[in-house]
Amino acid sequence: MLVEQTRAEALYERVRTVIPPLEWPAFADDIEAILELKRARNAVILAHNYQTPEIFHCVSDIVGDSLSLAREAMEVEADTIVLAGVHFMAETAKLLNPGKTVLIPDERAGCSLAESITANDVRALRERYPGVPVVTYVNTSAAVKAESDICCTSGNARAVIESLGVPRVIMIPDEFLAQNVARETGVEIITWKGHCEVHELFDRADIAELREAYPGVTVLAHPECPPEVVEVSDFAGSTAAMSAYVSERKPARVALITECAMSDNVAVDHPDVEFVRPCNLCPHMKRITLAGIRKALEENRYEVTVAPELAVRARLAVERMLAVR
């Protein structure tokens, strides 16, 4: 028992600035069980940057944005992958690891962007714009990826589009991301009216109010935000890019215009930085809990599969993305 207490106490030391002492006992038992289950099952946990600190910092083996998780998924040697994120991320992990068991702790963890477009929609776009390459954000289903030429993330969208060497592309489904990337590339981008339900809620007035309330604050925005928000921010980039900005530049006061958990996770490693938290909550990400991860490992639930006829084509689109540097 002493070993377990020491391990739990060591983990809590890492997150004590973002998890109140009264909350920790509710997490400790599940954390201990998960650590043991991972060892017994030869399992790893991949966690997105929007997961809560007790998941992100205490039980996860690999953390990051969609791009880094996709890259790391290819190198995993474990038998089982638990994806602490939303369903399209688990599908991507399965595409890149067809011989491994991939689990998602809550099968209801979806995404407004993934739900905004179907494979039939992509086929209709191809008919309307023959010969124009389709660049698909990873926040989509495997069926949509299978109809695409190449995938992208918010972290590599510009590089992916420029790698094609064409004057015109279709970029789906995030309209705001496409508009923000279009301003950077000079490429004509045909968009789709899909939006992230978290980032679309921010507007220019929010940033103005933030700057008035917190003088000198550095504002970092996710490129899924409306262009008007990106225009008045100090920096725009993926969650990985925002984290790197804080690490490298160490602003005295910073606001991350994105999902709520992001600030907590970055703040753990930067106690000297003041984090203002004007966030919006992602209900899908918050379906993932320690209890759910524990059940996933105990009961092998919920296993993610991709139909073979889709997997080959969808995997090709993801692999083409990963080949772009």
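Only a predicted model underlies this, so the values are computations on that prediction, with no experimental measurement involved. (Residues numbered from 1 in each chain as written. Predicted model: local features only at pLDDT ≥ 70, side-chain atom pairs only at ≥ 80, totals over all residues. Heavy atoms only, no water.)

**A short note on the overall build of the protein**
Thought 1: Along its length, the protein carries 15 helices and 12 strands.
Thought 2: Relative to its length of 325 residues, the protein is compact, with a C-alpha radius of gyration of 20 Å against a globular reference of 20 Å.
Thought 3: By its C-alpha atoms, the protein is 65 × 55 × 30 Å across when sized along the principal axes.
Thought 4: Here the protein holds 325 residues, and 57% of them are scored as buried.
Thought 5: Considering only contacts within the protein whose residues lie at least 6 apart along the sequence, 61% involve residues at least 24 apart.
Thought 6: Summed over all atoms, the accessible surface of the protein reaches about 14,000 Å², with 50% contributed by carbon and sulfur.
Thought 7: A gap of 4 Å separates the mean positions of the 33 positive and 49 negative side-chain charges of the protein. (Helix = DSSP H or I, 4+ residues; strand = E, 2+ residues; numbered from the N terminus. Rg over C-alpha atoms; globule rule 2.2 N^0.38 Å. Buried < 20%, exposed > 50% of the residue type's maximum accessible area, 1.4 Å probe, protein only. Contact = heavy atoms within 4.5 Å. Areas by Shrake-Rupley, 256 points an atom, 1.4 Å probe, with all protein chains shown as cover. Lys, Arg positive; Asp, Glu negative; His and termini not counted. Charge placed at Lys NZ, Arg CZ, Asp CG, Glu CD.)

**Points about the pairing of strand S9 (residues 218-221)**
Thought 1: Residues Thr218 and Leu220 line one face of S9 and the alternating positions Val219 and Ala221 line the opposite face, and both faces are buried.
Thought 2: Where S9 lies against strand S11 (residues 253-257), 4 bridges are found, and the strand directions are parallel. In the strand pairing of S11, alanine 221 is matched with isoleucine 257.
Thought 3: Both S9 and strand S10 (residues 235-236) contribute to a ladder of 2 bridges, which runs parallel. Directly across from alanine 221, in S10, lies its bridge partner alanine 236. (Pairing = 2+ DSSP bridges.)

**A word on empty space enclosed by the protein**
Thought 1: Using the criterion set out here, one finds 2 cavities of 30 Å³ or more in the structure.
Thought 2: What lines the largest cavity is a set of 29 residues, among which Tyr50, Met89, Asn139, Glu224 and Met285 lie closest to the centre.
Thought 3: Mapped by element, the contributors of at least two residues to the lining of the largest cavity are helix H4 (66-73) and helix H5 (87-96).
Thought 4: In terms of residue class, the lining of the largest cavity is made up of 12 nonpolar, 13 polar and 4 charged.
Thought 5: One number sums up the size of the second largest cavity: a volume of about 80 Å³.
Thought 6: Lining the second largest cavity are Leu46, Ser66, Leu69, Ala70, Ala73, Leu83, Phe88, Met89, Thr92, Ala93 and Val138.
Thought 7: At the level of elements, H4 and H5 are the ones that each hand at least two residues to the lining of the second largest cavity.
Thought 8: Residues that form the lining of the second largest cavity fall into these classes: 9 nonpolar, 2 polar and no charged. (1 Å grid on protein atoms, 1.4 Å probe; cavity = no way out; pocket = protein on both sides within 12 Å on 5 of 7 lines; lining within 4 Å. Points joined across faces, edges and corners; volume = space filled by probe spheres on them. Nonpolar A, V, L, I, M, F, W, Y, C, P; charged D, E, K, R; others polar.)

**Describing the layout of surface pockets**
Thought 1: Computed from the structure, the largest pocket encloses a volume of approximately 240 Å³.
Thought 2: If you go around the largest pocket, you meet 16 residues; those closest to its centre are Ser154, Glu184, Pro223, Ala236 and Gly237.

**Topic: the sheet that holds strand S2 (residues 62-64)**
Thought 1: If you walk across this open sheet you meet the 4 strands as S2-S1-S3-S4, and the pairing is parallel. Of all strands in the sheet, those with a lone pairing partner are S2 and strand S4 (101-103), marking the two edges. When the angles between neighbouring strand axes are averaged without regard to direction, this sheet yields 20 degrees.
Thought 2: Where strand S1 (residues 43-48) meets strand S3 (residues 80-84), 5 bridges bridge the pair, whose relative direction is parallel. (Axes fitted to C-alpha atoms, helices over the stretch in contact; angles between N-to-C directions.)

**Description of helix H9 (residues 175-185)**
Thought 1: Residues of H9 that are buried: Glu175, Phe176, Leu177, Ala178, Asn180, Val181 and Thr185.
Thought 2: The secondary structure elements touched by the buried residues of H9 are strand S5 (134-137), helix H8 (157-164), strand S7 (168-172), strand S8 (188-190) and helix H11 (227-231).
Thought 3: Put simply, aspartate 174 is the residue that caps the front of H9, since its side-chain oxygen is 2.9 Å from the backbone nitrogen of phenylalanine 176.
Thought 4: Within two residues after H9, glycine 186 carries a phi angle of roughly 80 degrees, on the positive side. (Polar contact = N/O pair within 3.5 Å; in protein donor to acceptor, adjacent residues only side chain to side chain.)

**Here's the deal with the side chain of histidine 222**
Thought 1: Checked against the element boundaries, histidine 222 lands in the loop between S9 and H11.
Thought 2: The exposure class of histidine 222 is buried, given its relative accessible area of 3%.

**Overview of a negative patch on the surface**
Thought 1: Judged by side-chain charge, Asp206, Glu209, Glu212 and Glu228 come together as a negatively charged surface patch.
Thought 2: By residue number, the principal contributor to the negative patch is helix H10 (residues 204-213), which donates 3 residues.
Thought 3: Residue placement: glutamate 209 occurs in helix H10.
Thought 4: In this structure glutamate 209 comes out as exposed when scored by relative accessible area, which is 52%. (Patch = residues over 30% accessible without salt bridge, like charges linked within 9 Å, V, L, I, M, F, W, Y side chains within 5 Å. Salt bridge = Lys/Arg side-chain N within 4 Å of Asp/Glu carboxyl O.)

So yeah, pure geometry; function would need other evidence.
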